[in-house]
Amino acid sequence: MVNKVFLFLTGACAGFLNGLLGTGGGIIIIFALSRINKNNDPKDNFATAIAAILPMSVVSAGFYLTRNSFDLKAVYPYILPAVVGGTLGAFLLCRIRADRLKRLFAVLLIIAGVNMIGK
């Protein structure tokens with residue numbers, strides 16, 4: 001029961017961050033999964049987070065579109081490169097050691113945090 005409540009709250013927090021900031025939901029999900037599934041392969045946690053991010057992002061984008069919060073035409077240049085990059089990333093996920101993925105993830109979080117503070 002405690003895990004179900006924790007997962008529910010994690011999902012709510014992830015969705016909130018995704019809707020508010022456009023990012024961060026996957027970070028929350030990875031954190032929660034790594035705490036609950038200590039024996040789980042980190043690669044599974046990353047893949048699960050990606051699967052959860054898609055519906056969160058679709059809902060958030062739909063909400064923003066109905067409020068005219070952004071120009072949909074501005075998204076078009078990113079679609080094809082994002083699909084190619086996502087495919088390549090998913091392909092490499094199976095081939096990179098978990099400890100290296102965790103380090104890469106940590107470095108990206110630090111870079112993103114420093115970048116956001118500096119703006």
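Residues numbered from 1 in each chain as written. Predicted model: local features only at pLDDT ≥ 70, side-chain atom pairs only at ≥ 80, totals over all residues. Heavy atoms only, no water.

A. Quick peek at the overall build of the protein chain. Scanning the protein chain from terminus to terminus reveals five helices and zero strands. Of the regular secondary structure in the protein chain, the N- to C-terminal order runs α-α-α-α-α. C-alpha extents for the protein chain along the principal axes are approximately 45 × 35 × 30 Å. Looking at the protein chain alone, contacts between residues at least 24 apart form 56% of all its contacts between residues at least 6 apart. Summed over all atoms, the accessible surface of the protein chain reaches about 8,900 Å², with 72% contributed by carbon and sulfur. Taking the 12 positively charged and 4 negatively charged side chains of the protein chain as two groups, their mean positions are separated by 4 Å. (Helix = DSSP H or I, 4+ residues; strand = E, 2+ residues; numbered from the N terminus. Contact = heavy atoms within 4.5 Å. Areas by Shrake-Rupley, 256 points an atom, 1.4 Å probe, with all protein chains shown as cover. Lys, Arg positive; Asp, Glu negative; His and termini not counted. Charge placed at Lys NZ, Arg CZ, Asp CG, Glu CD.)

B. Just the confidence of the model for the protein chain, in detail. Per-residue confidence for the protein chain gives a mean pLDDT of 87, with 99% of residues at or over 70. Of all helices and strands in the protein chain, the one with the weakest mean pLDDT is helix H3 (residues 42-66) (87), whereas helix H4 (residues 76-93) scores best (92). (pLDDT = per-residue confidence, 0-100.)

C. Structural detail: the pattern of salt bridges. A complete count under the given rule lists two salt bridges for this structure. Notably, a salt bridge pairs Asp99 with Arg97, separated by 2.9 Å at the nearest N-O pair. Exposure remark for Asp99: the relative accessible area of 30% places this residue in the partly exposed category. Overall, Arg97 belongs to the partly exposed group, its relative accessible area being 48%. Across the pair Arg103 and Asp99 runs a salt bridge, and its minimum N-O distance is 3.6 Å. (Salt bridge = Lys/Arg side-chain N within 4 Å of Asp/Glu carboxyl O. Buried < 20%, exposed > 50% of the residue type's maximum accessible area, 1.4 Å probe, protein only.)

D. The packing of helix H1 (residues 2-21) against helix H2 (residues 25-36), seen in detail. Where H1 contacts H2, the two axes come as close as 7 Å, and the packing angle between them is 160 degrees. In terms of axis orientation, H1 runs roughly antiparallel to H2. For the pair H1 and H2, the sense of crossing is right-handed. Of H2, the residues touching H1 (which contributes Asn3, Phe6, Leu7, Thr10, Cys13, Ala14, Leu17 and Asn18) are Gly25, Ile28, Ile29, Ala32 and Ile36. The class makeup of the residues in the contact of H1 with H2 is nine nonpolar, four polar and no charged. (Axes fitted to C-alpha atoms, helices over the stretch in contact; angles between N-to-C directions. Parallel < 35°, antiparallel > 145°, perpendicular 65-115°, else oblique. Left-handed = near helix turned anticlockwise from the far one by under 90°. Nonpolar A, V, L, I, M, F, W, Y, C, P; charged D, E, K, R; others polar.)

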